[in-house]
Amino acid sequence: MKKLLSYITAAALSLSLTGCMDIEPVSTITDANYWKNPDQVQAFNQGLSSWMRSYADKYIVWGEMRSNIYSGTSFSGEAPQGYDRLWNNTLEKSSAVVGNYGGLYTGINQINLMIDKVNEAGYLTDAEKTNYLAGAYGMRAFLYFQLLRTYGDVIVYLQHTEGKTIDLGKVARKQDAAADVMKQIKADISASETAYNNNYKFTNGRTYWSLAATKMLKGEVYLWSGKQMGGGAADYQTALTAYQEVQNNADVSLLDNFEDVFAYDNKENKEIIYALHNRENETSLWGGLYTSLVMNKQNVGAYRLHNDAGQAIQFSESPNLNLRLGSGVMRFPLDKRLWTKLYTNDNDKRKKASLADVYQASDGSYVGNICNKFHGTLIAGSSATSWYDDQPIYRYAECLLGIAEAKAFLGQDPSTEINQVRRRAYGATYFNAHTEVQYPNDVSTGGSSALTNFYTDNPFVGGDEDPIEAILKERMREFLFEGKRWHDIRLVDKATKYSTASADRLLWPIDETTKSTNAELKQTPGYGD
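Residues numbered from 1 in each chain as written. Predicted model: local features only at pLDDT ≥ 70, side-chain atom pairs only at ≥ 80, totals over all residues. Heavy atoms only, no water.

1. A look at the overall build of the protein
Note the cut-off: Strands here are runs of E lasting at least two residues and helices are runs of H or I lasting at least four, both read from the DSSP assignment and numbered beginning at the N terminus. Here the globule rule reads 2.2 Å times residues to the power 0.38, and the radius of gyration is calculated from C-alpha atoms. For the exposure calls, accessible area comes from a 1.4 Å probe over protein chains only, and a residue counts as buried if that area is under 20% of its type's maximum, exposed if over 50%, partly exposed in between. What makes two residues a contact is simply this: any of their non-hydrogen atoms within 4.5 Å. The accessible surface values rely on the Shrake-Rupley method and a 1.4 Å probe; as for residues, cover is taken only from the protein chains in view.
Of the regular secondary structure elements, the protein holds 19 helices and six strands. Its C-alpha radius of gyration of 23 Å places the protein within 12% of the 24 Å reference for a compact globule of 529 residues. Projecting the C-alpha coordinates of the protein onto the three principal axes gives extents of approximately 70 × 50 × 50 Å. Among the 529 residues that make up the protein, the fraction classed as buried is 59%. Within the protein, counting contacts between residues at least 6 apart in sequence, those at least 24 apart form 70% of the total. Here the protein has roughly 20,300 Å² of accessible surface; of this, 46% comes from carbon and sulfur atoms.

Written as structure tokens, this is what we have:
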């Protein structure tokens, strides 16, 4: 493990395609004592899975924070410290919030190394090689897909850098066109599928890459290329097939209770397809960034929660550990309208399992809502919650809604999958007795006056009249705080409707430091030269 950590350190200190190009790594990643036996390869593979957690915060920042889930400033007074550029969509090349492409090229470089060394490893059996390559190709495709959706054109680099042998001519070059990036993503997905050879087992658990994860990624990728890159119906059908293959072959299912999916003592449950694993002395939720969504426990005395009976209670009286003993600095303020305008009614169990409503202690007035999805744990000897919850990336509910979305794009009926998710959300008894919550009856016009009032000027969701709006609505209710919303609204060309973004600035600017290290880089359109 010490040797493995020296490799990861070397990769972090060596160049990452867009960073400083004259730093000498502490230990070259081609150390003569490494890549000699199967145990070393296994250790490196574990290191790659651990490295994926270092990207956890970028998954949230890139995938969610430019949407209108977030708004304004914290009701408890904490300063956003520049993060407000995300939800206000005032990013500039001089203040991009995320620099150096989020550091993803460090992981890509390590994956490239893994692929090269495994292919050369005569001491591995063919079965061992394909097992390692299957995950490596899948993870590389996943990382490049995040870069594609965030920046558009990016450098595709498939070699690994080695100490002093870095080929600067290959590194310091302009980006590849988005179409070529997508071509490579699809090639890696295909290579991953081939290597897995239809093996859907979660052999190492659900916090390691798997064939089901590759298929979920394939669904996302082909929906994106179909809708945003001209692939059309053929790509939608490929996405639909990929999601259905997960549904039919993987050991996955919806849990009966939505809240149980995220329970700290229920990690790697059957709804989870792929998650980033966190634990004590290693990493915490969102790479530590989650504390910026949590109120400081020194501030909660001025506020009250409501219990299930609607009575005001102190934070210390909450049955939820995250509310009772949570402590952070709430730099990420939620739009206060989420509590009243996201969920149609309180019978949707996702509402109170995702949000908590907060009131002034002095006069009982509503001031806003805070996250209530992850409850954390209490470490022995600690007086505050620790956020070692796993971070879901793919789960079975997304598979169902992916099927629904592909069907909608193809002009097919998405009722079955939407209603599977809604049935779990409301509980079978309520769902079966209330047809108005069943798709396609949750409509903005022509239904009850309560529904009409709910959807009038609604900033977050639309009625079931439009199946795409229905799916967006279900995805927002289901995946709040899971890093999906910004990509969701961009996919269906509704980013300007459901965010403060302008149409010419939906991608991310390249920060000035990164651009200055590679003169060949072209700034993202909309952000100047």
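The rest of the description comes next.
2. Side note on a negative patch on the surface
So the rule is basically this: Like charges within 9 Å and nonpolar side chains (Val, Leu, Ile, Met, Phe, Trp, Tyr) within 5 Å are joined into patches, using only residues over 30% in relative accessible area that form no salt bridge. Any Lys or Arg side-chain nitrogen located within 4 Å of an Asp or Glu carboxyl oxygen qualifies as a salt bridge. For the purpose of charge, His is not counted, nor are the chain termini; Lys and Arg are scored as positive and Asp and Glu as negative. We put the charge of a Lys on NZ, of an Arg on CZ, of an Asp on CG and of a Glu on CD.
A grouping of D256, E259, D260 and D265 is seen on the molecular surface, where their side chains present a negatively charged patch. Assignment of secondary structure puts D265 in the loop between α10 (232-249) and β1 (272-276). With a relative accessible area of 74%, D265 lands in the exposed category.

3. Some remarks on the pairing of β1
Note the threshold: When DSSP finds two or more bridges between two strands, those strands count as paired.
The buried fraction of β1 is high, at five of five residues. Relative to strand β6 (residues 391-395), β1 runs antiparallel, the two sharing four bridges. Each bridged residue has a counterpart across the sheet, and for L276 the counterpart in β6 is Q391.

4. Digging into the pattern of salt bridges
One pass over the full model with this rule turns up 37 salt bridges. Here R395 ties to E482 by a salt bridge, and the two come within 2.8 Å at their closest N and O atoms. Here R395 is found in strand β6, whereas its partner E482 is found in the loop between α17 (467-479) and α18 (485-491), with 87 residues between them in sequence. Assigned by exposure class, R395 and E482 land together as buried. For R477, the salt bridge goes to D442, with nearest N and O atoms at 3.8 Å. Taken together, the residues R477 in helix α17 and D442 in the loop between α15 (428-433) and α16 (449-455) connect sequence positions 35 residues apart. For the residue pair R477 and D442, the accessibility class agrees, reading buried in each case.

5. Overview of the sheet that holds strand β4 (residues 355-360)
The four strands lie next to each other as β3-β2-β4-β5, forming an open sheet whose pairing is antiparallel. The outermost strands of the open sheet, each flanked by one partner alone, are β3 (312-313) and β5 (366-371). Where strand β2 (residues 303-306) and β3 come together, two bridges link them in antiparallel fashion. Considered in β3, the bridge of L305 is made with I313.

6. Structural notes on the domain arrangement of the protein
For an interface, size is often stated in terms of accessible area lost upon the parts coming together. The cut-off we apply is this: Each domain's extent is set by a domain assignment, obtained either automatically or from a database. By buried area we mean the combined loss of accessible area, with a 1.4 Å probe, across both parts when two parts are placed together. Two N or O atoms count as a polar contact when they lie within 3.5 Å, although within protein this holds only if one can serve as hydrogen donor and the other as acceptor, and sequence-adjacent residues are included solely when both atoms are side-chain atoms. When residues are grouped by polarity, Ala, Val, Leu, Ile, Met, Phe, Trp, Tyr, Cys and Pro land in nonpolar, Asp, Glu, Lys and Arg in charged, and all others, Gly among them, in polar.
Domain boundaries in the protein define domain 1 (35-65 + 99-197), domain 2 (199-275 + 391-496) and domain 3 (285-389). The straight-line distance from the C-alpha centre of domain 1 to that of domain 2 is 27 Å. Across the domain 1 to domain 2 interface the summed buried area is about 2,600 Å²; carbon plus sulfur atoms make up 61%. When the buried surface of domain 1 facing domain 2 is broken down by residue, Y59, R149 and Y196 rank first, second and third, together holding 26% of it. Here E220 makes a salt bridge to R149, at a shortest N to O gap of 3.3 Å. Across the domain 1-domain 2 interface, the total number found is 18 residue pairs in polar contact (both at pLDDT 80 or more). Among the secondary structure elements, those contributing two or more residues to the side of domain 1 that touches domain 2 are α2 (38-51), α3 (56-64), α6 (126-151) and α8 (178-196). Among the elements that line the side of domain 1 that touches domain 2, the one with the most residues is α6, at 11 residues. Its residues placed into classes, the side of domain 1 that touches domain 2 shows 17 nonpolar, nine polar and four charged.

7. A closer look at the confidence of the model for the protein
Spelled out, the test is: Per-residue confidence from the predictor is reported as pLDDT, a score between 0 and 100.
Residues of the protein with pLDDT of at least 70 account for 92%, and the chain-wide mean is 92. Note on residues 1-29: pLDDT is under 50 here. Beyond four places in sequence and across chains, it has 58 contacts. Here residues 163-169 is a poorly scored stretch, pLDDT under 50, and it has eight contacts once near neighbours within four places are set aside; other chains count.

8. Notes on the packing of helix α13 (residues 396-409) against helix α14 (residues 415-426)
As a reminder of what qualifies: Lines fitted to the C-alpha atoms define the axes, with helices restricted to the stretch that makes contact. Angles between their N-to-C directions range from 0 to 180 degrees. Here is the rule for handedness: rotate from the far helix to the near one, and if that takes an anticlockwise turn smaller than a right angle the crossing is left-handed, while a clockwise turn gives right-handed.
Look at α13 against α14: their axes get within 8 Å of each other, and the N-to-C directions meet at 145 degrees. Handedness of the crossing formed by α13 with α14: left-handed. Contacts between α13 and α14 involve A397, L400, L401, I403, A404 and K407 on the former and, on the latter, E417, I418, Q420, V421 and R424.

9. Quick word on α8
How we decide: Take the residue count of a helix, subtract one, and multiply by 1.5 Å to get its expected span.
Relative to the 27 Å expected for 19 residues at 1.5 Å per residue, α8 spans 27 Å between its end C-alpha atoms, a close match to the ideal helical length. Residues of α8 that are buried make contact with α6, α9 (211-228) and α10. Two residues or fewer after α8 comes N197, characterised by a positive phi angle close to 50 degrees.

10. Concerning α13
Between its terminal C-alpha atoms α13 stretches 20 Å, which fits the 20 Å expected from 14 residues at 1.5 Å a residue. Burial within α13 is extensive, with 14 of its 14 residues counted as buried. Of the residues one or two after α13, G411 is the one with positive phi, at around 80 degrees.

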